[in-house]
Structures are given as structure tokens and as C-alpha cells.
Amino acid sequence: MFGSCQKDSGSTTVTPTTNTTAYTGTGSVSKGVGTTTTANLFTSDQRVAGLGTVTSTDSKIWTVPAEVNFTNTAFPTASDLNNSYVSGHSYATATAAVAALMGSDIVTVDATGEVYTVFVFADNYFEMYVNGIPVGRNPVPYTNFNSNIIRFKAKKLFTIAVKCVDWEEHLGVGTEDATKIGDGGFVAVIKDAANVIVAVTNNTWKAQTFYTAPVANLSCLTENGTSRLSTTCTTVSGELTSYSVHWVIPSDWFTTTYVDRSWPTATLFTNATVGVDNKPAYTNFTDIFDNTSNDASFI
């Protein structure tokens with residue numbers, strides 16, 4: 001299982017160091033804002049969800065914030081649970097949202113399998129695979145925050161893989177607006193055809209980071225095995241000359257044959273940390289996401 005929802009927070013302004021030799025990890029280091037390649041993937045929003053590139057000090061070119069399938073029509077779009085945009089639908093209950101689906105939304109992984117339903121809230125964006133097959137991606141790249149339903153037919157046991165992206169308006173340095181560093185999180189609940197919860201996001205999932213930004217002082221970054229840690233770093237507010245660190249995403253990360261055993265255990269975040277207390281796409285469905293007997297966690 002894969003999840004790389006970026007989680008940085010803080011507002012202390014720190015002048016970046018200029019000594020890249022302070023970094024001794026396995027990633028590639030870039031500095032400053034990148035070059036925009038796609039101005040905005042979603043013009044319906046007041047927030048810009050763009051794509052760009054940065055070149056690291058080892059002459060590698062990286063897509064920031066990430067390579068995504070948002071414009072790939074072959075990648076299924078997740079159905080709406082709550083989507084406030086004109087093109088979206090918002091439902092009073094999860095039951096009503098599922099009832100509105102026509103059946104054409106179900107992605108077949110195994111023709112003789114059972115239908116499973118996934119309820120998802122992502123800050124900001126996700127792409128989900130089951131057994132290596134794309135089953136749904138967020139129809140909204142940035143805000144307003146929305147929530148989704150994905151249905152697929154599969155046999156147990158199946159492998160779920162998710163790419164998570166936190167968008168940035170200063171491409172390559174990890175900041176939103178003029179100064180704000182994004183928080184992030186991904187929560188999912190999976191039910192079988194009998195409406196029984198069979199899986200939730202929690203610390204049994206594996207998660208790996210492939211992009212860390214912004215970084216003021218590269219010496220604060222550490223690695224412990226495959227864990228890429230920035231917990232001792234002082235985060236930067238509005239610093240457009242800060243550093244970013246990038247790692248190559250394995251080409252087969254979402255397949256059933258990829259071994260994620262060495263990946264770190266997913267870190268759990270509270271609702272308050274992710275900041276969903278005033279997000280109707282989440283709070284209207286706490287019976288799903290905060291089920292009293294099987295509570296899903298943000299990872």
C-alpha cells in the first residue's frame with residue numbers, strides 16, 4: 001500500500017543555507033522555484049493547480065509537485081460523495097450517494113469477484129489502484145475539498161495502492177498561496193457488498209515519501225532505513241529560495257508484485273491536524289470516516 005500525502009506544518013521564517021553538502025541522504029536536491037509547464041489543471045477553482053519542473057544539483061529533472069493522471073481519460077474518475085463545484089454532486093448521506101450510482105462506475109478487476117465500495121477524503125489529490133488496475137482518481141486537484149466514492153469488483157485478497165499529492169502554488173518549494181505550507185492527509189474506508197467495513201486507513205498501511213519541501217537547512221534531514229525524516233526541521237514560511245528533496249518513484253510501485261515490506265509504517269494524523277473540522281465533504285459523513293467501531297485514520 002502506498003501513500004505519500006505530504007505533511008508539513010509551521011510558520012517560522014528561516015534563511016536557507018547555501019551549502020548543499022550538508023545533505024547526506026539518498027535524494028536529489030533542488031533549490032528555488034521551478035519552471036511552470038502546465039499553468040492550471042482545473043480552471044474552475046480560484047486556487048491554481050499547476051505542474052512544473054525543477055532541476056536538481058545532480059542534473060536530474062523532476063516534475064513538481066508530482067506526475068499525475070488528472071488529464072488521462074483512461075484513468076477512471078472517482079464518483080462524488082460531496083463535490084461543491086458546478087460539475088459535481090453533493091449528497092446528504094453516503095447511502096444516497098451510492099444509490100445515485102448507475103453501475104457503470106464499477107471497475108472490474110476480477111470478473112467473478114465481489115463489489116467493494118471505497119469512501120475517500122484526500123487533502124488534496126489521490127489516484128487509486130487495485131491489483132495494479134486504476135480504479136479512481138480525484139476529480140478535483142485542489143480545493144474546494146471534496147470526498148469520493150470508488151467501486152470495484154475484485155476477489156480477496158487484493159492490493160490497494162494510492163498516490164497522494166499535496167498541491168503547491170509555488171512549484172518546487174512546497175508552498176501554497178504566498179506563504180502557507182500545506183498540510184495533507186488521506187483517509188479511506190472500504191466496505192464489501194454486505195456493507196461491512198473490511199479495511200480502513202491506519203498504521204497497518206505502508207507509506208513512502210518521494211518529495212519533501214520546503215527545507216531551510218539540509219542538515220536537518222535524516223534517513224533511518226527507508227524512512228525519510230524531516231521531523232527535526234524548522235519549516236519555512238514564504239521562502240522561495242528554499243530547498244526540496246526528490247526521490248525516484250519505482251515504475252511498478254502500484255503493482256501486486258512490488259514489495260513494500262521495507263517501507264515505513266504510515267504516520268497517523270488527527271482530524272484537527274489535517275484540518276477537516278470545517279470541511280462538509282468530511283464532517284457530513286463522520287458516520288463513515290469516524291465509525292465508532294472501526295474508525296479510519298488520516299495517514
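Being a predicted model, the structure only gives us computed values, none of them experimental.

1. A short note on the state of the cysteines
Two cysteines form a disulfide when their sulfur atoms are joined by a covalent bond. For the coordinates displayed, the defined rule picks out 1 disulfide. Disulfide partner of C220: C233, at an S-S distance of 1.9 Å. With the S-S bond torsion at 90°, the cross-link from C220 to C233 turns out right-handed. Highlighted residues: C220 in the loop between β16 (211-215) and β17 (222-224) and C233 in the loop between β18 (227-229) and β19 (243-246), separated in sequence by 13 residues. Exposure class is identical for C220 and C233. Each is buried.

2. Topic: the environment of D192
As for its position among the elements, D192 is in the loop between β14 (185-191) and β15 (197-200). What makes D192 buried here is its relative accessible area of 16%. For the pair D192 and T38, spaced 154 residues apart in the sequence, the C-alpha separation amounts to 39 Å. In this view, D192 contacts E114, V115, Y116 and V198; residues no more than four positions away in its chain are not counted. Reaching out from D192, the side chain makes a polar contact with the backbone nitrogen of A194 at a distance of 2.9 Å.

3. Regarding the sheet that holds β16
Here 3 strands make up an open sheet; going across it, the order is β1-β19-β16 and the pairing antiparallel. Edge positions in the open sheet fall to β1 (28-31) and β16, since each of these has one partner strand only. Within this sheet the neighbouring strands show an average axis-to-axis angle of 20°, counted without direction. Bridge count between β16 and β19: 3 bridges; the pairing is antiparallel. By the bridge assignment for β19, V215 is matched with Y243.

4. Quick notes on the confidence of the model for the protein chain
A residue-level look at the protein chain finds 91% of positions with pLDDT of 70 or above and a mean pLDDT of 91. This stretch, residues 1-18, has a pLDDT under 50; its non-local contacts, to residues over four places away or in other chains, come to 72 contacts.

5. Brief notes about the pattern of salt bridges
Inspection of every chain in the model, using the stated rule, returns 4 salt bridges. The residue D58 makes a salt bridge to K60 at a minimum N-O spacing of 4.0 Å. For D58, a relative accessible area of 37% puts it in the partly exposed group. Classification of K60 by relative accessible area gives partly exposed; the value is 40%. Where R151 meets D105, a salt bridge forms, and the shortest distance between an N and an O atom there is 2.8 Å. You can see R151 sitting in strand β10 (residues 147-154) and its partner D105 sitting in the loop between α1 (94-99) and β6 (107-108), a full 46 residues away along the chain. Among the residues examined, R151 registers a relative accessible area of 12% and is labelled buried. Members of the salt-bridge network, linked through shared partners, are R47, E169 and E176.

Analysis parameters
Residues numbered from 1 in each chain as written. Predicted model: local features only at pLDDT ≥ 70, side-chain atom pairs only at ≥ 80, totals over all residues. Heavy atoms only, no water. Disulfide = S-S within 2.5 Å. Helix = DSSP H or I, 4+ residues; strand = E, 2+ residues; numbered from the N terminus. Buried < 20%, exposed > 50% of the residue type's maximum accessible area, 1.4 Å probe, protein only. Contact = heavy atoms within 4.5 Å. Polar contact = N/O pair within 3.5 Å; in protein donor to acceptor, adjacent residues only side chain to side chain. Pairing = 2+ DSSP bridges. Axes fitted to C-alpha atoms, helices over the stretch in contact; angles between N-to-C directions. pLDDT = per-residue confidence, 0-100. Salt bridge = Lys/Arg side-chain N within 4 Å of Asp/Glu carboxyl O.

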